[in-house]
Amino acid sequence: MIRPSTLAEWLGYIETLHATPVALGLERVGEVAQRMSIGLACPVVTVGGTNGKGSTCAMLESMLRHAGYRTALYTSPHLTRFNERVRIDGIEADDSALVAAFEAVETARTSGASIALTYFEFSTLAALHLFAAATLDAIVLEVGLGGRLDAVNVIDAAVAVVTTIGIDHVDYLGATRESIGREKAGIFRAGRQAICGDPDPPATLIEHATAIGAPLWTIGRDYTFVASGMQWRYNGPRSVRHALPLPALRGSYQLGNAATALAALDALRDALPIAANAIRAGLVHVELPGRFHVLPGRPVVVLDVAHNPQAARVLAETLGDMSYHPTTFAVFGMLADKDIDGVVAALRPRIDQWYIAPLPGPRGATAARVATALRQAGVEASSIHEFDDIARAFAGARDAASETDRIAAFGSFLTVAAALIAARERQ
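Before going into details, it helps to say that this report is about the structure given with it. Since the model is a prediction, treat every value here as computed from it, not as a measurement.

All right, on to the overall build of the protein then. Counting its secondary structure elements, the protein contains 15 helices and 17 strands. A compact globule built from 427 residues would reach a C-alpha radius of gyration of about 22 Å, and the protein, at 21 Å, matches this within 12%. Expressed as a percentage of its 427 residues, the buried residues of the protein come to 54%. The long-range share in the protein, meaning contacts at least 24 apart out of those at least 6 apart in sequence, stands at 73%. Here the protein has roughly 17,500 Å² of accessible surface; of this, 52% comes from carbon and sulfur atoms. Of the side chains in the protein, 37 bear a positive and 43 a negative charge, and the two mean positions are spaced by 4 Å.

So, on to the sheet that holds strand β11 (residues 240-245). Hydrogen bonds between backbone atoms are what pair the strands of a sheet, whose relative direction is either parallel or antiparallel. The three strands are arranged β9-β10-β11 in an open sheet whose pairing can be described as antiparallel. Two strands bound the open sheet, and with one partner strand each, they are β9 (224-228) and β11. Sheet twist, expressed as the mean angle between neighbouring strand axes with direction ignored, is 20°. Here β9 runs beside strand β10 (residues 231-235); their pairing, made up of five bridges, is antiparallel. The residue of β10 that forms the bridge with A227 is W232. Those strands touched by helix α9 (residues 254-267) are β9, β10 and β11, and its axis lies near 40° from that of β10. Where helix α10 (residues 276-285) meets the sheet, it contacts β10 and β11, and its direction lies at approximately 40° from that of β11.

The next point concerns the state of the cysteines. Under the defined criterion, the tally for this structure stands at zero disulfides. Looking at the unpaired C42, the closest cysteine sulfur is the one in C57, lying at 14 Å. The buried category is assigned to C57, whose relative accessible area is 0%.

Basis of the calculations
Residues numbered from 1 in each chain as written. Predicted model: local features only at pLDDT ≥ 70, side-chain atom pairs only at ≥ 80, totals over all residues. Heavy atoms only, no water. Helix = DSSP H or I, 4+ residues; strand = E, 2+ residues; numbered from the N terminus. Rg over C-alpha atoms; globule rule 2.2 N^0.38 Å. Buried < 20%, exposed > 50% of the residue type's maximum accessible area, 1.4 Å probe, protein only. Contact = heavy atoms within 4.5 Å. Areas by Shrake-Rupley, 256 points an atom, 1.4 Å probe, with all protein chains shown as cover. Lys, Arg positive; Asp, Glu negative; His and termini not counted. Charge placed at Lys NZ, Arg CZ, Asp CG, Glu CD. Pairing = 2+ DSSP bridges. Axes fitted to C-alpha atoms, helices over the stretch in contact; angles between N-to-C directions. Disulfide = S-S within 2.5 Å.

In short, the description is geometric, and any link to function would need to be established separately.
Below, the structure is given as structure tokens:
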């Protein structure tokens, strides 16, 4: 076959690979990584969890970079451009670098017996290839789904972090916090620091860390934080940080993520010491689109990728902490395999008008499915407005909202991405 030549062509190609069912496990991706001779010569922090992992990764990268360390970051999914997933020294990988990395993965994948890879596995190997070729001081890797069987877990991290544990991806991870906790604990390694930012970690997570001999720090026991007005204090296993500024990422819950990031830096203190001024600068300047992301202008537009009940409850709480707005408009769309009813239940008290639309692709929930969930939750029919897509739903909400009102777009990365593009075009 003729290989793809542009990034768009490669993404289309690896999407077709994703459509082919493969057996779960790390053997395939591990074999390709071995063929590629991927080796990372600096400390790696792997971050998993149901919610909060993106924020924790962003704060880690920001603090490390403000300390002068050349840091790479791999995250998923992206909002508007695939390049967002792969950053080196704060700069997104350009198309040509990604194309070359994809070509390297394909060469290794098809040399000898061909090995099937999913979209995420292919993407992860491409990112690792770029990181292995760069001169780096630290690497932060975000787990895509679960942990034990995730492609990122092919790397033995110096520090493994699990943020919070909620119910999500039940088809793959199980329907209980205990089963999900065990899957996420799969990123822990014997003799290497494990950290959990969930104040109530499942017993399975603790038991697995103990069984393999991974020293475990948990929030509330081994490290804590105390908020005081516009500042806060971190008390950790190896450091105490006073008079810290609130993170630039909005929401009181972000202090837990910030403390967990600082615990990871505590674990790396000997290899990567960080001064107090770098900690403060990293917290003040951290950026992460799509996590209670407030756009400039009026009416207020809030973007949040909350797509499970745990994240939706946090979003509802944070919306409640904002200043008064007469009417809150939701721009809302979800994937059909998510807990739509649970998300609606969490946010219904904060929303006055629902502007809903289907999401693209076979996993996207129809507007009719979302409308049914709203009606079953007690939302009046006059408050439900259906549109063909998220862009039109956002336009409808924007036209209906006054300057003092508020628009909240949530439910999926796809929802936020479409709303963000529509908002930019509107501006």
